[in-house]
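One-letter residues, chain by chain:
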Amino acid sequence: MKRILLSMLVAVTLIGCGEIARPENPTAVPTSATTGVDISDVSAVIPALPNGLEVKQTASGLRYVDIVVGSGPEVTAGSTAEVFYTGYLKSDGSQFDSNVGGQPYAVEGVGGAMVITGWNEGLVGIKQGGKRRLIIPSALAYGEQGQGTIPANADLVFDVEVMTVR
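Residues numbered from 1 in each chain as written. Predicted model: local features only at pLDDT ≥ 70, side-chain atom pairs only at ≥ 80, totals over all residues. Heavy atoms only, no water.

- An unreviewed UniProt entry annotates the protein chain as Peptidyl-prolyl cis-trans isomerase of Herpetosiphon aurantiacus.
- Under the Sequence similarities (unreviewed entry) heading, UniProt states for the protein chain: "Belongs to the FKBP-type PPIase family."
- What UniProt records for the protein chain under Catalytic activity (unreviewed entry) is the sentence "[protein]-peptidylproline (omega=180) = [protein]-peptidylproline (omega=0)". (UniProt positions renumbered as here; feature names shortened; annotations may be inferred.)

If you want it as structure tokens, here you go:
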């Protein structure tokens, strides 16, 4: 009985605090049941993610979702990963860059200065053949200066597929 009352109290508290999202698009992923990390702010990003995927968050604030777990070698610090990617502005879901349909992009020496911090952190652990969505806060992207069509202080979303790891 105490467990039922406690569960009801927690549910009422969460609903009252607005923590449980009610998506208008039923294919969007508002939260992860596993981690409870709110990802409703990226549900407008196309393509929507399937329900039930686990959202993970690092100490730096990077969030990521493994869409497909690969079966090949794993990206580690210092390795080279050839990837296909599509980048979106988190604010409105607009696509700003993609190499899908072209040549894979080689990130040499993952963890170095070749890519933004969010990529260096988010690529580590993906196995060859894996697909991951990275939700990158501006501090781990281009920060206050922005870059090209990416405005200052923009949070970014990248869908990344690792083709090869060496």
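## Details of the overall build of the protein chain
1) Next: The number of helices and strands found in the protein chain is 2 helices and 7 strands.
2) Next: Going through the 166 residues of the protein chain one by one, you find that 37% of them count as buried.
3) Next: Sequence-distant contacts, at least 24 apart, represent 57% of the contacts inside the protein chain between residues at least 6 apart.
4) Next: By element, 55% of the accessible surface of the protein chain is carried by carbon and sulfur atoms, the whole surface being about 9,200 Å². (Helix = DSSP H or I, 4+ residues; strand = E, 2+ residues; numbered from the N terminus. Buried < 20%, exposed > 50% of the residue type's maximum accessible area, 1.4 Å probe, protein only. Contact = heavy atoms within 4.5 Å. Areas by Shrake-Rupley, 256 points an atom, 1.4 Å probe, with all protein chains shown as cover.)

## What to know about the packing of aromatic side chains
1) Next: The tally for this structure, following the rule as stated, stands at 6 aromatic pairs.
2) Next: Arranged with centres 6.3 Å apart and planes meeting at 75°, the rings of Y105 and W119 form a pair that is edge-to-face. Here the residue Y105 occupies a position in strand β5 (residues 105-107), and W119 occupies one in helix α2 (residues 117-123), the gap between them amounting to 14 residues.
3) Next: Residue class for Y105 comes out partly exposed when judged on its relative accessible area of 31%.
4) Next: On the accessibility criterion, W119 (5% relative accessible area) is buried.
5) Next: Measuring from centroid to centroid gives 5.3 Å for W119 and F158, while their planes differ by 85°, and the two rings are edge-to-face. Taken as a pair, W119 in helix α2 and F158 in strand β7 (residues 156-165) lie far apart in primary sequence, 39 residues in all. We note that W119, like F158, is buried.
6) Next: Here the aromatic residues Y85, F96, Y105, W119 and F158 are joined through ring pairs into a cluster of three or more. (Phe/Tyr/Trp six-rings, centres within 6.5 Å; stacked < 30°, edge-to-face > 60°.)

## What about the pattern of salt bridges?
1) Next: Taken as a whole and judged by the stated rule, the model has 4 salt bridges.
2) Next: Notably, a salt bridge pairs K90 with D155, separated by 3.4 Å at the nearest N-O pair. With K90 in the loop between β3 (81-89) and β4 (95-98) and D155 in the loop between β6 (131-136) and β7, the pair connects residues that are 65 residues apart, well separated along the chain.
3) Next: Overall, K90 belongs to the buried group, its relative accessible area being 16%.
4) Next: The exposure class of D155 is partly exposed, given its relative accessible area of 26%.
5) Next: Between D159 and R133 there is a salt bridge, with the nearest N and O atoms lying 2.6 Å from each other. (Salt bridge = Lys/Arg side-chain N within 4 Å of Asp/Glu carboxyl O.)

## Concerning the nonpolar core
1) Next: Counting residues in each nonpolar core, the largest one holds 25 residues, and the members touching the most others are V83, W119, L123, I136 and F158.
2) Next: Elements represented by at least two residues in this core include exactly β3, α2, β6 and β7.
3) Next: Considering each element in turn, this core owes the most residues, 5 residues, to β7.
4) Next: Excluding its chain neighbours within four sequence positions, the residues that come into contact with W119 are V83, Y85, Y105, V107, L134, I136, F158 and V160. (Core = buried A, V, L, I, M, F, W, Y, C linked by side-chain atoms within 4.5 Å.)

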